[in-house]
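Structural overview for review
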Amino acid sequence: MYLDQRGVKILKMIVNDPSVSGKELEQTLGLSRKQISYSLGKINDYLKKNGFEEIKWLKTGRFLVSLAVIREYQSEDSKTAEYTYVLSDEERYSWLTLRLLCHTEELSTYHFTDELKISKNTLMSDLKRVQEIMKSYGLELNYDRKRGYVVYGEEYDKRGLIIQALRENLNIPGGEERFAVVYHIKQTELEQLKSDIKEIEEKLSVCYADERMKEFPYILAFLLRQIRNGCLLQNLPESCRHVIGTKEYMVMSSFCMKHGIDSEKEKIFFTMQLQISK
């Protein structure tokens, strides 16, 4: 079975830039949504015939593509890291923790075993350890037949663990490349956030260390996605309110307004992250 020219173009565009949206495909190729959907069906028939998992078109407009498909069909000049690095036990726990806390689509066992290249038995063992980690943050990991894996607890506690896991993942070889593929984080988004941070530095007359400049854009990106996905802070410890009225609070209030955030709790939380990152 072979793909037609249109199918090949669409497949290449998706695997070369997994963050591309269906709308962007329509605009770039001059096709309708119906035409993209038809070709995607043909592409998935082709992938299944060759032993690969289907590409899923999510409600968000993005595509969910397995790493195996990306490795097989990505153009040589577009390839990022080859993911030959084998994660340690602790690094797997960290990766799973972040995936479970920050996914918007339903995740199956296959997603985890495919991404981590581990057996189902190893995954089950890893998830038990992840449950213990989450419990230490006051969170509970459960499996629901309809919703898949669900993490219960306060958003404030979830974010604390998200940031910790994020920092750990950035120290894993190929971590940033994995973020680009799995979380669809575009370089343009990171560059804009780096520009925002530079502006914050100027306003506060500070200069962040290289290590902080590497992680802070990702922290902001993940926090903004949490908010866009409806994961909002409901409660904050009273001790956090001391940041109100500080120069950092005023600067981060401007940042929040720029990104359409008007919640005082969110402004406080972003200010706390700024202070920690200084």
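Given the structure is predicted, the values throughout are model-derived calculations rather than measurements.

**As for the layout of surface pockets**
Put simply, the largest pocket is a space of about 480 Å³. Residue lining of the largest pocket: 19 residues in total, with Thr104, Tyr183, His184, Arg225 and Asn229 positioned closest to the centre. Secondary structure elements with two or more residues in the lining of the largest pocket: helix H5 (89-102) and helix H11 (210-228). Considering every element that reaches the lining of the largest pocket, the biggest residue donor is H11, with four residues. Class assignment of the residues belonging to the lining of the largest pocket gives a composition of six nonpolar, six polar and seven charged. In this structure, the second largest pocket encloses a volume near 410 Å³.

**What about the confidence of the model for the protein chain?**
Taken as a whole, the protein chain shows an average pLDDT of 89; of its residues, 96% reach a score of 70 or greater. Every residue in residues 78-84 is under pLDDT 50, and counting partners more than four places away or in other chains gives 14 contacts.

**Quick look at the packing of helix H1 (residues 5-16) against helix H2 (residues 22-29)**
Where H1 contacts H2, the axes come no closer than 11 Å and their chain directions differ by 130 degrees. Between H1 and H2, the crossing angle belongs to the class labelled oblique. Along this stretch, H1 crosses H2, giving a crossing that reads as right-handed. Taken together, the residues of H2 that come into contact with H1 (itself represented by Lys9, Ile10, Met13 and Ile14) are Leu25, Thr28 and Leu29. Per-class residue counts for the contact of H1 with H2 are five nonpolar, one polar and one charged.

**Quick notes on the side chain of Thr271**
You can see Thr271 is positioned in helix H13 (residues 264-277). Setting aside residues up to four positions removed in sequence, Thr271 forms contacts with Val243, Thr246, Glu248, Tyr249 and Met252.

What counts and what doesn't
Residues numbered from 1 in each chain as written. Predicted model: local features only at pLDDT ≥ 70, side-chain atom pairs only at ≥ 80, totals over all residues. Heavy atoms only, no water. 1 Å grid on protein atoms, 1.4 Å probe; cavity = no way out; pocket = protein on both sides within 12 Å on 5 of 7 lines; lining within 4 Å. Points joined across faces, edges and corners; volume = space filled by probe spheres on them. Helix = DSSP H or I, 4+ residues; strand = E, 2+ residues; numbered from the N terminus. Nonpolar A, V, L, I, M, F, W, Y, C, P; charged D, E, K, R; others polar. pLDDT = per-residue confidence, 0-100. Contact = heavy atoms within 4.5 Å. Axes fitted to C-alpha atoms, helices over the stretch in contact; angles between N-to-C directions. Parallel < 35°, antiparallel > 145°, perpendicular 65-115°, else oblique. Left-handed = near helix turned anticlockwise from the far one by under 90°.

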